[in-house]
Amino acid sequence: GASPVMAVLAYDFFAFVTELPFGAVLDHISGRYDGAQISYSNKNGLIAACGCAVIAILDILAFADIITAVAFIPVAVVLGIANAAYHLGAGIDVINLSERKASFSGIFISTGALGLFLGTQALFMHYENLLIMGLALLCMSAYILWEYFHETAFIQNKDDTVIKAGSIRIFLALALLFLVILYRSFLGFASKYSWRSGFVIGLVATLAVVVGKAAGGIIADRFGWKRTIMASMLVCAVLAVFSDASA
């Protein structure tokens, strides 16, 4: 059978690395708002619903033991693409609804940490929960489709923000962001913490992440994005020095 490590790598690549090119394509095919002229074919909700439906179907197939070890990598690729499709479709609508406010995006992103924790715990406790998750996602995708085909659910893409900066500055900014993501991934997967073995402490830590992400957007709207980013990164850098001793 396929190596679990390769399956995880395949999923991570298609779930996260492909979001940039997929997002560019989605910006091109989705609606635009130009003054009084509205020209759109809003496919954001449809793409999000399809992503949910694909994940739901694969969950149900996995519960029924239909997916074999030979298909692990192809399934991981499909799951990754579906995950990217959901986040892009729903994310664009969240951005457009927020009217350049960070609070909506913070709340949207924060729920992922709680869902990941509870989903993992549910599978560890009872494998049958995979079926429940699949059925719940099917209901979710059906609801999104129902909203999508109602005129009131259409949200025009009207944020055509252009970042004006020199190519070197953009490269340095992206490089620093990449290093932050790399460091975060290393701490999340390579480091071993005793609190991970306990449900209560793990839940408390997860809730801290959820509250922190949601509060980050709200605080950024109140005090400014740059101040919030600099303050939060400074606090993280200081606490990271003591993380090894407190693990």
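Look up: the structure comes first, before these words.
For every chain, the first residue of the written sequence is number 1, and numbering continues from 1 onward in sequence order. In keeping with the predicted nature of the model, local features appear solely for residues at pLDDT of at least 70, side-chain atom pairs appear and are counted solely at 80 or more, and the whole-chain, interface and lining totals rest on all residues. Values shown for side chains rest on all heavy atoms present in the structure; no hydrogens or waters enter the calculation.

Undergrad: Just checking my understanding: could you explain the overall build of the protein for this structure?
TA: Put simply, DSSP marks the helices as runs of H or I at least four residues long and the strands as runs of E at least two long, and each gets a number from the N terminus on. Scanning the protein from N- to C-terminus turns up ten helices and two strands. Ordered by position from the N terminus, the helices and strands of the protein form the series α-α-β-β-α-α-α-α-α-α-α-α. Split into buried and exposed, the 247 residues of the protein put 26% on the buried side. Taking contacts inside the protein between residues at least 6 apart in sequence as the whole, the part at least 24 apart equals 77%. Relative accessibility under 20% of the residue-type maximum defines a buried residue, over 50% an exposed one, and the middle range a partly exposed one, all with a 1.4 Å probe and only protein chains included. It only takes one pair of heavy atoms within 4.5 Å for two residues to be counted as in contact.

Undergrad: Sorry, what's going on with the nonpolar core here?
TA: Nonpolar side chains tend to gather and get buried jointly when the protein is soluble and globular. Grouping buried Ala, Val, Leu, Ile, Met, Phe, Trp, Tyr and Cys residues that are joined through side-chain atoms within 4.5 Å yields what is termed a nonpolar core. The biggest cluster of nonpolar side chains holds six residues, and these are Ala 48, Ala 49, Cys 52, Tyr 86, Ala 90 and Ile 144. At the level of secondary structure, the elements contributing two or more residues to this core comprise α3 (44-63) and α4 (72-98). Top contributing element to this core by residue count: α3, with three residues. Those residues in contact with Ile 144, other than ones at most four positions away along the chain, are Gly 45, Ala 49 and Cys 52.

Undergrad: Mind showing me how you'd approach a nonpolar patch on the surface here?
TA: Each patch groups residues whose relative accessible area exceeds 30% and which form no salt bridge, using 9 Å between like charges and 5 Å between nonpolar side chains of Val, Leu, Ile, Met, Phe, Trp and Tyr. Reported accessibility uses the Shrake-Rupley method at a 1.4 Å probe radius. Residues are deemed covered only where the shown protein chains occlude them. Salt bridges are defined by distance alone: a side-chain nitrogen of Lys or Arg within 4 Å of a carboxyl oxygen of Asp or Glu. On the surface, Leu 118, Met 125, Phe 199, Val 200, Ile 201 and Val 204 cluster together into a nonpolar patch covering about 570 Å² of accessible area. The leading source of residues in the nonpolar patch is helix α8 (residues 199-223), at four residues.

Undergrad: Looking at this model, I keep getting lost on helix α1 (residues 4-17). Mind explaining?
TA: In an α-helix, one turn spans 3.6 residues, which is why side chains three or four residues apart end up on the same side. Between the first and last residue of a helix there are one fewer steps than residues, each counted as 1.5 Å, and that sum is the expected span. End to end, α1 covers 19 Å across 14 residues, agreeing with the expected 20 Å (1.5 Å per residue, within 8%). Among all positions of α1, only Ala 7, Ala 10 and Ala 15 are buried. The buried residues of α1 all sit within an arc of 115 degrees when viewed along its axis, so they share a single face. Taken from the helix axis, the directions to the C-beta atoms give the arc we talk about.

Undergrad: Explanation requested: the packing of α3 against α4 in the structure shown.
TA: Each packed pair of helices is defined by two parameters, the angle between the axes and the distance between the axes. Between N-to-C directions, angles span 0 to 180 degrees; the directions come from axes that are lines fitted to C-alpha atoms, helices contributing only their stretch in contact. Interaxial distance between α3 and α4 falls to 7 Å at its minimum, and their mutual angle equals 150 degrees. Of the two elements, α3 crosses α4, and the hand of that crossing is left-handed. Note on element contacts: α4 touches α3 through Val 75, Val 78, Leu 79, Ala 82, Asn 83, Ala 85, Tyr 86, Gly 89, Ala 90, Ile 92, Asp 93 and Asn 96, opposite Asn 44, Gly 45, Ile 47, Ala 48, Gly 51, Cys 52, Val 54, Ile 55 and Leu 58. Each residue belonging to the contact of α3 with α4 can be placed in one class, and the counts come to 14 nonpolar, six polar and one charged. Handedness of a crossing follows from how the near helix is turned relative to the far one, being left-handed for an anticlockwise turn of less than a right angle and right-handed for a clockwise one. Just so you know the grouping, Ala, Val, Leu, Ile, Met, Phe, Trp, Tyr, Cys and Pro go in nonpolar, Asp, Glu, Lys and Arg go in charged, and all remaining residues, Gly too, go in polar.

Undergrad: I'm lost on the packing of α3 against helix α6 (residues 129-148) in this one. Help?
TA: Contact geometry for α3 and α6: axes closest at 8 Å, N-to-C directions at 160 degrees. As the angle between them shows, α3 and α6 are arranged roughly antiparallel. Between α3 and α6 lies a crossing of left-handed hand. Counting all contacts with α3, which are made through Gly 45, Leu 46, Ala 49, Cys 52, Ala 53, Ile 55, Ala 56, Ile 57, Asp 59, Ile 60, Ala 62 and Phe 63, the residues of α6 involved are Leu 130, Leu 131, Met 133, Gly 134, Leu 135, Leu 137, Leu 138, Met 140, Ser 141, Ile 144, Leu 145 and Tyr 148. Considered class by class, the residues forming the contact of α3 with α6 number 20 nonpolar, three polar and one charged. Note on terminology: angles under 35 degrees are roughly parallel, angles over 145 are roughly antiparallel, angles of 65 to 115 are roughly perpendicular, and the others are oblique.

Undergrad: What's the story with unusual backbone geometry in this structure? I'm lost.
TA: Keep in mind that most residues, glycine aside, have a negative phi and that most peptide bonds are trans. The backbone phi angle of Asp 65 is positive, close to 60 degrees, even though this residue is not glycine. Secondary-structure assignment places Asp 65 in the loop between α3 and α4. Taking relative accessible area as the criterion, Asp 65 reaches 61% and is therefore assigned exposed.

Undergrad: So what exactly am I meant to see when it comes to the packing of aromatic side chains here?
TA: Each aromatic pair joins two rings of Phe, Tyr and Trp (for Trp, the six-membered one) with centres within 6.5 Å, and gets the label stacked for planes under 30 degrees apart, edge-to-face for over 60, and tilted for any other angle. Under the criterion given, the structure shown has three aromatic pairs. Ring centres of Phe 13 and Phe 14 lie 5.1 Å apart, and the angle between their planes is 80 degrees; on these two criteria the pair is classed as edge-to-face. In our convention, an over-ring charge means Lys NZ or Arg CZ found within 6 Å of a ring centre and within 35 degrees of that ring's normal. Against the face of Phe 223 rests Arg 222, its NZ or CZ located 4.9 Å from the ring centre.

Undergrad: I tried to follow the side chain of Ser 110 on my own but got confused; where do I start?
TA: In this structure, Ser 110 sits in helix α5 (residues 102-125). Within the local environment of Ser 110, its side chain forms a polar contact with the backbone oxygen of Ile 107, the two atoms lying 2.8 Å apart. Residues contacting Ser 110, with those up to four places away along its chain left out, are Val 210, Lys 213 and Ala 214. The definition of a polar contact used here is a pair of N or O atoms within 3.5 Å, where within protein one atom must be able to donate a hydrogen and the other to accept one, and adjacent residues in sequence count solely through side-chain atom pairs.

Remember that the coordinates give geometry; whether it matters functionally is a separate question.
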